[in-house]
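Structural description and commentary
What follows is the residue order along each chain.
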There are 2 protein chains.
Amino acid sequence: MTDHTDQRLGEVQFAVDPAKVPDASLAYIGRVRSPWTERSQCPRNLREARDRGGGGRALIDPPFRPALEGLNVGDWVHLLTWLHRSRRDLALQMPRHAERPKGTFALRSPVRPNPIGLHLVHLVEIDLSSGVLTLDAIDVLDGTPLIDLKPYLPGVDRPPET
Amino acid sequence: MTDHTDQRLGEVQFAVDPAKVPDASLAYIGRVRSPWTERSQCPRNLREARDRGGGGRALIDPPFRPALEGLNVGDWVHLLTWLHRSRRDLALQMPRHAERPKGTFALRSPVRPNPIGLHLVHLVEIDLSSGVLTLDAIDVLDGTPLIDLKPYLPGVDRPPET
(Lines give C-alpha, C1' and ligand atoms only; values in the text may rest on other atoms or scores of the structure.)
Protein backbone atom coordinates (compact mmCIF):
# COMPACT_ATOMS: atom_id res chain seq x y z
CA MET A 1 0.00 0.00 0.00
CA THR A 2 1.42 3.38 -0.90
CA ASP A 3 1.00 6.29 1.46
CA HIS A 4 -0.77 8.72 -0.84
CA THR A 5 -2.89 10.95 1.30
CA ASP A 6 -4.51 12.91 -1.50
CA GLN A 7 -7.43 10.54 -1.98
CA ARG A 8 -10.83 11.98 -2.86
CA LEU A 9 -13.93 10.98 -0.98
CA GLY A 10 -15.10 7.54 -2.14
CA GLU A 11 -11.77 6.47 -3.57
CA VAL A 12 -10.56 3.01 -2.53
CA GLN A 13 -7.09 1.45 -2.71
CA PHE A 14 -6.23 -2.07 -3.84
CA ALA A 15 -5.52 -4.60 -1.08
CA VAL A 16 -2.05 -5.06 -2.59
CA ASP A 17 0.32 -2.45 -4.00
CA PRO A 18 0.75 -3.32 -7.70
CA ALA A 19 4.06 -1.43 -7.75
CA LYS A 20 5.47 -4.05 -5.38
CA VAL A 21 4.40 -7.16 -7.34
CA PRO A 22 7.12 -7.68 -9.94
CA ASP A 23 5.50 -10.37 -12.10
CA ALA A 24 7.22 -9.24 -15.30
CA SER A 25 9.63 -6.52 -16.42
CA LEU A 26 9.32 -3.88 -19.12
CA ALA A 27 12.11 -2.36 -21.22
CA TYR A 28 11.64 1.22 -22.36
CA ILE A 29 12.07 1.53 -26.13
CA GLY A 30 12.19 5.32 -26.22
CA ARG A 31 10.48 8.46 -24.98
CA VAL A 32 7.69 10.80 -26.00
CA ARG A 33 8.44 14.45 -26.69
CA SER A 34 5.35 16.53 -26.09
CA PRO A 35 4.44 20.18 -25.52
CA TRP A 36 3.18 19.28 -22.03
CA THR A 37 5.65 19.61 -19.18
CA GLU A 38 3.22 20.01 -16.27
CA ARG A 39 0.35 17.74 -15.36
CA SER A 40 -1.98 20.72 -15.17
CA GLN A 41 -1.36 21.49 -18.88
CA CYS A 42 -1.68 17.94 -20.15
CA PRO A 43 -4.74 17.31 -22.37
CA ARG A 44 -7.19 14.77 -21.01
CA ASN A 45 -7.25 12.73 -24.20
CA LEU A 46 -6.10 12.70 -27.83
CA ARG A 47 -9.15 14.55 -29.09
CA GLU A 48 -8.30 17.47 -26.82
CA ALA A 49 -4.59 17.21 -27.77
CA ARG A 50 -5.53 17.44 -31.48
CA ASP A 51 -7.76 20.44 -30.84
CA ARG A 52 -5.02 22.24 -28.96
CA GLY A 53 -2.30 21.47 -31.56
CA GLY A 54 1.44 21.33 -30.96
CA GLY A 55 2.02 17.80 -32.29
CA GLY A 56 4.50 15.52 -30.58
CA ARG A 57 7.28 13.09 -31.33
CA ALA A 58 8.28 9.56 -30.44
CA LEU A 59 12.05 9.20 -30.03
CA ILE A 60 13.07 5.57 -30.41
CA ASP A 61 16.29 4.45 -28.70
CA PRO A 62 19.10 3.17 -30.97
CA PRO A 63 18.77 -0.58 -30.22
CA PHE A 64 15.07 -0.51 -31.16
CA ARG A 65 15.24 1.57 -34.36
CA PRO A 66 15.62 -1.38 -36.76
CA ALA A 67 12.14 -2.54 -35.65
CA LEU A 68 10.58 0.60 -37.27
CA GLU A 69 11.21 -0.81 -40.76
CA GLY A 70 7.91 -1.13 -42.60
CA LEU A 71 6.07 1.75 -40.92
CA ASN A 72 4.93 4.43 -43.38
CA VAL A 73 3.99 8.10 -43.23
CA GLY A 74 0.20 8.26 -43.06
CA ASP A 75 -0.12 5.10 -40.98
CA TRP A 76 -2.21 5.06 -37.82
CA VAL A 77 -0.41 3.31 -34.96
CA HIS A 78 -1.14 2.51 -31.34
CA LEU A 79 1.58 3.94 -29.12
CA LEU A 80 1.84 2.19 -25.77
CA THR A 81 3.38 4.34 -23.06
CA TRP A 82 4.37 3.76 -19.45
CA LEU A 83 2.76 6.57 -17.44
CA HIS A 84 5.64 6.63 -14.97
CA ARG A 85 4.32 9.49 -12.86
CA SER A 86 0.93 7.88 -12.19
CA ARG A 87 0.02 6.25 -8.92
CA ARG A 88 -0.99 2.58 -9.25
CA ASP A 89 -2.95 1.90 -6.09
CA LEU A 90 -6.56 2.95 -6.75
CA ALA A 91 -9.37 0.41 -7.35
CA LEU A 92 -12.17 3.00 -7.26
CA GLN A 93 -11.62 6.54 -8.49
CA MET A 94 -13.64 9.69 -8.41
CA PRO A 95 -13.36 11.35 -11.82
CA ARG A 96 -13.62 15.12 -11.73
CA HIS A 97 -17.26 16.25 -11.98
CA ALA A 98 -18.49 12.67 -11.33
CA GLU A 99 -21.14 11.97 -8.73
CA ARG A 100 -19.83 8.63 -7.54
CA PRO A 101 -16.58 6.66 -7.76
CA LYS A 102 -16.01 4.23 -10.62
CA GLY A 103 -13.80 1.16 -11.00
CA THR A 104 -10.38 1.77 -12.52
CA PHE A 105 -11.04 -0.77 -15.31
CA ALA A 106 -14.12 1.19 -16.37
CA LEU A 107 -12.04 4.38 -16.73
CA ARG A 108 -9.26 5.59 -19.03
CA SER A 109 -7.55 7.38 -16.14
CA PRO A 110 -3.72 7.13 -16.10
CA VAL A 111 -4.05 5.80 -12.55
CA ARG A 112 -4.15 1.98 -12.94
CA PRO A 113 -2.36 -1.04 -11.47
CA ASN A 114 -0.18 -1.11 -14.60
CA PRO A 115 -0.15 2.48 -15.85
CA ILE A 116 -0.03 1.71 -19.57
CA GLY A 117 -1.29 4.41 -21.92
CA LEU A 118 -2.91 3.49 -25.24
CA HIS A 119 -2.78 6.24 -27.86
CA LEU A 120 -3.93 5.97 -31.47
CA VAL A 121 -1.81 8.46 -33.42
CA HIS A 122 -1.08 9.40 -37.01
CA LEU A 123 2.49 9.19 -38.36
CA VAL A 124 3.26 12.53 -40.00
CA GLU A 125 6.99 11.99 -40.58
CA ILE A 126 9.42 9.11 -40.05
CA ASP A 127 13.20 9.35 -39.79
CA LEU A 128 14.51 5.79 -39.50
CA SER A 129 18.14 6.73 -38.91
CA SER A 130 17.49 9.08 -35.98
CA GLY A 131 14.50 7.06 -34.76
CA VAL A 132 12.20 10.11 -34.73
CA LEU A 133 8.49 9.70 -35.49
CA THR A 134 6.53 12.92 -35.83
CA LEU A 135 2.96 12.52 -34.57
CA ASP A 136 -0.23 14.48 -35.24
CA ALA A 137 -0.78 14.85 -31.48
CA ILE A 138 -0.04 13.20 -28.14
CA ASP A 139 -1.70 13.45 -24.75
CA VAL A 140 1.09 12.55 -22.32
CA LEU A 141 3.75 14.51 -20.44
CA ASP A 142 7.04 15.26 -22.14
CA GLY A 143 9.53 12.49 -21.33
CA THR A 144 6.97 9.68 -20.87
CA PRO A 145 8.59 6.30 -21.65
CA LEU A 146 7.45 4.30 -24.69
CA ILE A 147 7.01 0.55 -24.43
CA ASP A 148 5.47 -0.54 -27.77
CA LEU A 149 4.17 0.53 -31.19
CA LYS A 150 1.56 -1.50 -33.06
CA PRO A 151 -0.01 -0.88 -36.44
CA TYR A 152 -3.75 -0.08 -36.27
CA LEU A 153 -5.74 -2.81 -38.02
CA PRO A 154 -9.42 -1.88 -38.52
CA GLY A 155 -10.34 -5.57 -38.88
CA VAL A 156 -9.45 -6.29 -35.25
CA ASP A 157 -9.19 -2.84 -33.61
CA ARG A 158 -12.81 -1.82 -34.23
CA PRO A 159 -15.90 -3.64 -33.01
CA PRO A 160 -17.11 -5.82 -35.91
CA GLU A 161 -20.01 -4.51 -38.03
CA THR A 162 -19.56 -0.81 -37.34
CA MET B 1 20.84 -11.65 -26.28
CA THR B 2 18.86 -14.85 -25.98
CA ASP B 3 20.13 -18.03 -27.55
CA HIS B 4 17.16 -18.87 -29.74
CA THR B 5 18.43 -20.83 -32.69
CA ASP B 6 15.14 -21.09 -34.54
CA GLN B 7 15.50 -17.84 -36.46
CA ARG B 8 14.19 -17.69 -40.02
CA LEU B 9 16.32 -16.34 -42.84
CA GLY B 10 16.38 -12.53 -42.72
CA GLU B 11 15.38 -12.25 -39.08
CA VAL B 12 17.54 -9.95 -36.95
CA GLN B 13 17.89 -9.67 -33.17
CA PHE B 14 18.01 -6.47 -31.12
CA ALA B 15 21.47 -5.35 -29.96
CA VAL B 16 20.19 -5.62 -26.36
CA ASP B 17 17.98 -8.28 -24.81
CA PRO B 18 14.78 -6.48 -23.70
CA ALA B 19 14.09 -9.27 -21.19
CA LYS B 20 17.22 -8.16 -19.29
CA VAL B 21 16.41 -4.42 -19.10
CA PRO B 22 14.12 -4.04 -16.06
CA ASP B 23 13.00 -0.44 -16.49
CA ALA B 24 9.60 -1.02 -14.88
CA SER B 25 7.63 -3.87 -13.35
CA LEU B 26 4.20 -5.26 -14.16
CA ALA B 27 1.70 -6.86 -11.79
CA TYR B 28 -0.58 -9.52 -13.25
CA ILE B 29 -4.23 -8.73 -12.51
CA GLY B 30 -5.59 -12.11 -13.60
CA ARG B 31 -5.47 -14.72 -16.34
CA VAL B 32 -7.23 -15.52 -19.59
CA ARG B 33 -9.12 -18.81 -19.97
CA SER B 34 -9.25 -19.80 -23.61
CA PRO B 35 -9.93 -22.91 -25.68
CA TRP B 36 -6.34 -22.79 -26.99
CA THR B 37 -3.77 -24.82 -25.07
CA GLU B 38 -1.17 -25.27 -27.81
CA ARG B 39 0.45 -22.58 -29.90
CA SER B 40 -0.36 -24.50 -33.06
CA GLN B 41 -4.13 -24.22 -32.31
CA CYS B 42 -4.12 -20.55 -31.34
CA PRO B 43 -6.00 -18.26 -33.77
CA ARG B 44 -3.83 -15.63 -35.43
CA ASN B 45 -6.15 -12.77 -34.48
CA LEU B 46 -9.56 -11.98 -32.99
CA ARG B 47 -11.36 -12.21 -36.30
CA GLU B 48 -10.20 -15.79 -36.66
CA ALA B 49 -11.03 -16.51 -33.00
CA ARG B 50 -14.61 -15.22 -33.54
CA ASP B 51 -15.01 -17.33 -36.66
CA ARG B 52 -13.84 -20.45 -34.85
CA GLY B 53 -16.04 -19.86 -31.78
CA GLY B 54 -15.41 -21.16 -28.28
CA GLY B 55 -15.49 -17.83 -26.46
CA GLY B 56 -13.13 -17.18 -23.60
CA ARG B 57 -13.00 -15.72 -20.11
CA ALA B 58 -10.99 -13.21 -18.15
CA LEU B 59 -10.48 -14.29 -14.53
CA ILE B 60 -9.62 -11.29 -12.37
CA ASP B 61 -7.64 -11.93 -9.18
CA PRO B 62 -9.35 -11.02 -5.87
CA PRO B 63 -7.39 -7.82 -5.09
CA PHE B 64 -8.29 -6.34 -8.48
CA ARG B 65 -12.01 -7.23 -8.63
CA PRO B 66 -13.26 -3.97 -7.06
CA ALA B 67 -11.82 -2.15 -10.10
CA LEU B 68 -14.39 -3.88 -12.38
CA GLU B 69 -17.21 -1.73 -10.96
CA GLY B 70 -18.84 0.24 -13.76
CA LEU B 71 -18.22 -2.23 -16.60
CA ASN B 72 -21.43 -3.43 -18.25
CA VAL B 73 -22.53 -6.41 -20.30
CA GLY B 74 -22.42 -5.34 -23.94
CA ASP B 75 -19.38 -3.08 -23.48
CA TRP B 76 -16.39 -3.35 -25.78
CA VAL B 77 -13.12 -3.31 -23.84
CA HIS B 78 -9.45 -3.52 -24.68
CA LEU B 79 -7.83 -6.40 -22.83
CA LEU B 80 -4.10 -6.01 -22.41
CA THR B 81 -2.26 -9.29 -21.95
CA TRP B 82 1.33 -10.24 -21.24
CA LEU B 83 2.26 -12.83 -23.85
CA HIS B 84 4.56 -14.64 -21.44
CA ARG B 85 5.59 -17.40 -23.81
CA SER B 86 6.77 -15.05 -26.58
CA ARG B 87 10.41 -14.33 -27.29
CA ARG B 88 11.35 -10.64 -27.04
CA ASP B 89 14.55 -10.39 -29.03
CA LEU B 90 13.58 -9.88 -32.69
CA ALA B 91 13.87 -6.50 -34.45
CA LEU B 92 13.08 -7.89 -37.92
CA GLN B 93 10.73 -10.82 -38.38
CA MET B 94 9.75 -12.97 -41.31
CA PRO B 95 5.97 -13.44 -41.18
CA ARG B 96 4.79 -16.73 -42.65
CA HIS B 97 4.19 -16.44 -46.40
CA ALA B 98 6.00 -13.05 -46.48
CA GLU B 99 8.69 -12.37 -49.04
CA ARG B 100 10.93 -10.23 -46.89
CA PRO B 101 11.38 -9.49 -43.19
CA LYS B 102 9.52 -6.61 -41.57
CA GLY B 103 10.19 -4.52 -38.47
CA THR B 104 8.55 -5.72 -35.26
CA PHE B 105 6.77 -2.36 -34.76
CA ALA B 106 5.12 -2.73 -38.18
CA LEU B 107 3.69 -6.14 -37.18
CA ARG B 108 1.12 -7.41 -34.69
CA SER B 109 3.23 -10.50 -33.98
CA PRO B 110 3.35 -11.57 -30.29
CA VAL B 111 7.14 -11.41 -30.58
CA ARG B 112 8.05 -7.87 -29.41
CA PRO B 113 10.46 -6.26 -26.93
CA ASN B 114 7.54 -5.93 -24.50
CA PRO B 115 5.15 -8.75 -25.47
CA ILE B 116 1.91 -6.91 -24.70
CA GLY B 117 -1.20 -8.15 -26.49
CA LEU B 118 -4.03 -5.72 -27.35
CA HIS B 119 -7.42 -7.37 -27.81
CA LEU B 120 -10.73 -5.59 -28.40
CA VAL B 121 -13.40 -7.90 -26.97
CA HIS B 122 -17.10 -7.83 -26.18
CA LEU B 123 -18.32 -8.41 -22.61
CA VAL B 124 -20.99 -11.12 -22.75
CA GLU B 125 -21.35 -11.72 -19.01
CA ILE B 126 -19.90 -10.16 -15.86
CA ASP B 127 -19.73 -11.71 -12.41
CA LEU B 128 -18.27 -9.10 -10.10
CA SER B 129 -18.02 -11.33 -7.03
CA SER B 130 -16.07 -14.14 -8.72
CA GLY B 131 -14.23 -11.72 -11.03
CA VAL B 132 -15.21 -13.66 -14.16
CA LEU B 133 -15.79 -11.81 -17.43
CA THR B 134 -17.20 -13.89 -20.27
CA LEU B 135 -15.86 -12.74 -23.65
CA ASP B 136 -17.14 -13.19 -27.19
CA ALA B 137 -13.74 -14.54 -28.24
CA ILE B 138 -10.05 -14.38 -27.40
CA ASP B 139 -6.93 -15.12 -29.42
CA VAL B 140 -4.34 -16.03 -26.78
CA LEU B 141 -3.25 -19.24 -25.10
CA ASP B 142 -5.11 -20.48 -22.05
CA GLY B 143 -3.39 -19.12 -18.92
CA THR B 144 -2.03 -15.93 -20.48
CA PRO B 145 -1.61 -13.22 -17.81
CA LEU B 146 -3.80 -10.11 -17.91
CA ILE B 147 -2.29 -6.70 -17.16
CA ASP B 148 -5.06 -4.17 -17.89
CA LEU B 149 -8.64 -3.59 -19.08
CA LYS B 150 -9.71 -0.32 -20.67
CA PRO B 151 -13.11 0.74 -21.97
CA TYR B 152 -13.22 1.23 -25.76
CA LEU B 153 -13.94 4.88 -26.58
CA PRO B 154 -14.73 5.46 -30.28
CA GLY B 155 -13.81 9.16 -29.93
CA VAL B 156 -10.15 8.33 -29.28
CA ASP B 157 -9.77 4.67 -30.32
CA ARG B 158 -10.69 5.17 -33.98
CA PRO B 159 -8.91 7.45 -36.45
CA PRO B 160 -10.90 10.73 -36.55
CA GLU B 161 -13.37 11.22 -39.44
CA THR B 162 -13.90 7.56 -40.31
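Bear in mind that the values here come from a model prediction, so they are computed numbers and not experimental data.

Let us now look at the interface of chain B and chain A. Contacts between the two partners involve 59 residues from chain B and, on the opposite side, 59 residues from chain A. For the pair chain B and chain A, the two sides together bury roughly 5,500 Å², of which 65% comes from carbon and sulfur. Counting the surface chain B buries against chain A, the share from its top three residues, Leu26, Phe105 and Arg108 of chain B, is 14%. Asp157 of chain B is the partner of Arg108 of chain A in a salt bridge, and the nearest nitrogen-oxygen pair spans 2.8 Å. At the surface where chain B touches chain A, the tally comes to 28 residue pairs in polar contact (both at pLDDT 80 or more).

Residues and elements named next belong to chain A. Taken together, the six strands give a closed barrel; going around it, the order is β3-β4-β9-β8-β5-β10, and neighbouring strands pair in antiparallel fashion. Shown here is a sheet whose adjacent strand axes are inclined to one another by a mean of 45 degrees, direction ignored. Bridge count for strand β8 (residues 116–127) against strand β9 (residues 132–135) is four bridges, and the pairing is antiparallel. Of the residues in β9, the one forming a bridge with Asp127 is Val132.

Once that is clear, we can look at the relation of the copies chain B and chain A. The two copies are related by a screw motion: chain B maps onto chain A through a turn of 180 degrees and a shift of 0.0 Å along the axis, at an RMSD of 0.0 Å. Expressed as a symmetry operation, the mapping of one chain copy onto the other fits a two-fold axis. Proximity to the rotation axis, assessed at the C-alpha, singles out Ser25 of chain B in chain B; its C-alpha lies 2.3 Å from the axis. Most of the interface of chain B is mirrored in chain A: 100% of its interface residues are interface residues there too.

As a further point, take the sheet that holds strand β1 (residues 12–13) of chain B. All names here are of chain B. The three strands are arranged β1-β6-β7 in an open sheet whose pairing can be described as antiparallel. The two strands at the open ends of the sheet, each matched to only one other strand, are β1 and β7 (102–103). Two strands pair when backbone bridges link them, and strand β6 (residues 90–93) and β7 are joined in this way by two bridges, in the antiparallel orientation. Among the inter-strand pairings, Leu92 is bridged to a residue of β7, identified as Gly103.

Criteria and thresholds
- Residues numbered from 1 in each chain as written.
- Chains lettered and ligands numbered in written order.
- Predicted model: local features only at pLDDT ≥ 70, side-chain atom pairs only at ≥ 80, totals over all residues.
- Heavy atoms only, no water.
- Contact = heavy atoms within 4.5 Å.
- Buried area = accessible area lost by both parts, 1.4 Å probe.
- Salt bridge = Lys/Arg side-chain N within 4 Å of Asp/Glu carboxyl O.
- Polar contact = N/O pair within 3.5 Å; in protein donor to acceptor, adjacent residues only side chain to side chain.
- Pairing = 2+ DSSP bridges.
- Helix = DSSP H or I, 4+ residues; strand = E, 2+ residues; numbered from the N terminus.
- Axes fitted to C-alpha atoms, helices over the stretch in contact; angles between N-to-C directions.
- Least-squares fit on C-alpha atoms with pLDDT ≥ 70 in both.

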